[in-house]
Amino acid sequence: MIKSPYDQYRKSSVQTSSPGQLLIMLYDGAIRFVRTALDGLGTKDYEKVSLNLGKAQTIVSELSVTLDQSSDIAANLNVLYEYINYLLIDANTKKKPEPAEEALGYLKELKETWVQASKMVSSSEPGVVHG
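Residues numbered from 1 in each chain as written. Predicted model: local features only at pLDDT ≥ 70, side-chain atom pairs only at ≥ 80, totals over all residues. Heavy atoms only, no water.

The protein chain goes by Flagellar secretion chaperone FliS in an unreviewed UniProt entry, where it is assigned to Paenibacillus cucumis. You can read under Subcellular location (unreviewed entry) in the UniProt record for the protein chain the words "Cytoplasm, Cytosol". As its UniProt record puts it under Sequence similarities (unreviewed entry), the protein chain is described as follows: "Belongs to the FliS family." (UniProt positions renumbered as here; feature names shortened; annotations may be inferred.)

A. The arrangement of the packing of helix H2 (residues 19-43) against helix H3 (residues 46-65) in detail. The geometry of H2 relative to H3 is characterised by a closest axis approach of 8 Å and an angle of 160° between their N-to-C directions. By the angle between their directions, the pair H2 and H3 is classed as roughly antiparallel. For the crossing formed where H2 meets H3, the hand is left-handed. Contacts between H2 and H3 involve Leu23, Leu26, Tyr27, Gly29, Ala30, Phe33, Val34, Thr36, Ala37, Asp39, Gly40 and Leu41 from the former and Tyr46, Lys48, Val49, Asn52, Leu53, Lys55, Ala56, Ile59 and Leu63 from the latter. Of the residues belonging to the contact of H2 with H3, the class tally is 14 nonpolar, 4 polar and 3 charged. (Axes fitted to C-alpha atoms, helices over the stretch in contact; angles between N-to-C directions. Helix = DSSP H or I, 4+ residues; strand = E, 2+ residues; numbered from the N terminus. Parallel < 35°, antiparallel > 145°, perpendicular 65-115°, else oblique. Left-handed = near helix turned anticlockwise from the far one by under 90°. Contact = heavy atoms within 4.5 Å. Nonpolar A, V, L, I, M, F, W, Y, C, P; charged D, E, K, R; others polar.)

B. Region of the structure containing the nonpolar core. Grouped together as the largest cluster of nonpolar side chains are 28 residues, with contacts concentrated most on Tyr27, Val34, Leu53, Tyr81, Ile84, Leu88 and Leu107. Listed by contribution, the elements that provide at least two residues to this core are H2, H3, helix H4 (73-94) and helix H5 (97-124). Each residue touching Leu107, except ones within four places of it in the same chain, is listed here: Tyr27, Ala30, Ile31, Val34, Val60 and Ile84. (Core = buried A, V, L, I, M, F, W, Y, C linked by side-chain atoms within 4.5 Å. Buried < 20%, exposed > 50% of the residue type's maximum accessible area, 1.4 Å probe, protein only.)

C. The arrangement of the side chain of Ser64 in detail. Looking at the element boundaries, Ser64 is found in helix H3. A relative accessible area of 15% means that Ser64 is categorised as buried.

D. Local environment of H3. Between its first and last C-alpha, H3 extends 28 Å over 20 residues, near the 28 Å set by a 1.5 Å rise per residue. For H3, the set of buried residues is Val49, Asn52, Leu53, Ala56, Gln57, Ile59, Val60, Leu63 and Ser64. Seen end-on, H3 carries its buried residues on one side only, within an arc spanning 165°. Looking at H3, the residues exposed on the side facing more than 90 degrees away from the buried face are Glu47, Thr58 and Val65. (Expected span 1.5 Å × (residues − 1). Arc of directions from axis to C-beta.)

E. Structural context of the packing of aromatic side chains. In the structure shown here, the tally under the stated rule is 2 aromatic pairs. Following the ring pairs from residue to residue traces out a cluster consisting of Tyr83, Tyr86 and Tyr106. Of note, Arg32 hangs over the ring of Phe33, and the distance from its end group to the ring centre comes to 5.0 Å. (Phe/Tyr/Trp six-rings, centres within 6.5 Å; stacked < 30°, edge-to-face > 60°. Lys NZ or Arg CZ within 6 Å of the ring centre and 35° of its normal.)

F. Spotlight on the packing of H3 against H4. The contact between H3 and H4 brings their axes to 9 Å, and the two run at 170°. Classified by the angle between their axes, H3 and H4 sit roughly antiparallel to one another. From H3, Val49, Ser50, Leu53, Ala56, Gln57, Val60, Ser61, Leu63 and Ser64 reach across to H4, where they touch Asn78, Tyr81, Ile84, Asn85, Leu88, Ile89, Ala91 and Asn92. Class assignment for the residues of the contact of H3 with H4 results in 10 nonpolar, 7 polar and no charged.

G. Structural view of the pattern of salt bridges. As enumerated under the stated definition, the model contains 3 salt bridges in all. Here Asp28 ties to Lys111 by a salt bridge, and the two come within 2.7 Å at their closest N and O atoms. Placement of Asp28 in helix H2 and of Lys111 in helix H5 is noted, with a sequence separation of 83 residues between them. (Salt bridge = Lys/Arg side-chain N within 4 Å of Asp/Glu carboxyl O.)

H. Just the confidence of the model for the protein chain, in detail. In this model, the protein chain carries a mean pLDDT of 87, and residues with pLDDT of at least 70 account for 82%. Across the protein chain, the element-wise mean pLDDT spans from 53 in helix H1 (residues 5-15) up to 97 in H3. pLDDT under 50 marks residues 127-131. Its contacts with residues more than four places away, or in other chains, come to 2 contacts. (pLDDT = per-residue confidence, 0-100.)

Put into structure tokens, the structure is as follows:
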């Protein structure tokens, strides 16, 4: 049961988003969780660190398993996702920010790539008006 207006909005936005928008939302979530974990590392709140790095790992794993294996880029992305997950695990087990910061950099770059690709696809769709 959805309780708050925010939850209703979030559910509605997921249900009405394009695949490209959903992908970007996943990257946004992973980025947010890694940043929150880095904040936890700074304050030595290791429960916060573990919880949020785990959430980021779940998203990265989902990105990996949903790759279209028929595309040429899927293998390269899969290797990168595996490495990002390795970095997140390393940051969590060693309680060091550097691996999480490196993972964050990759996630931000990937998100920006998909944002640009989504814009290119949207602008090439006939009959679609963009504001």
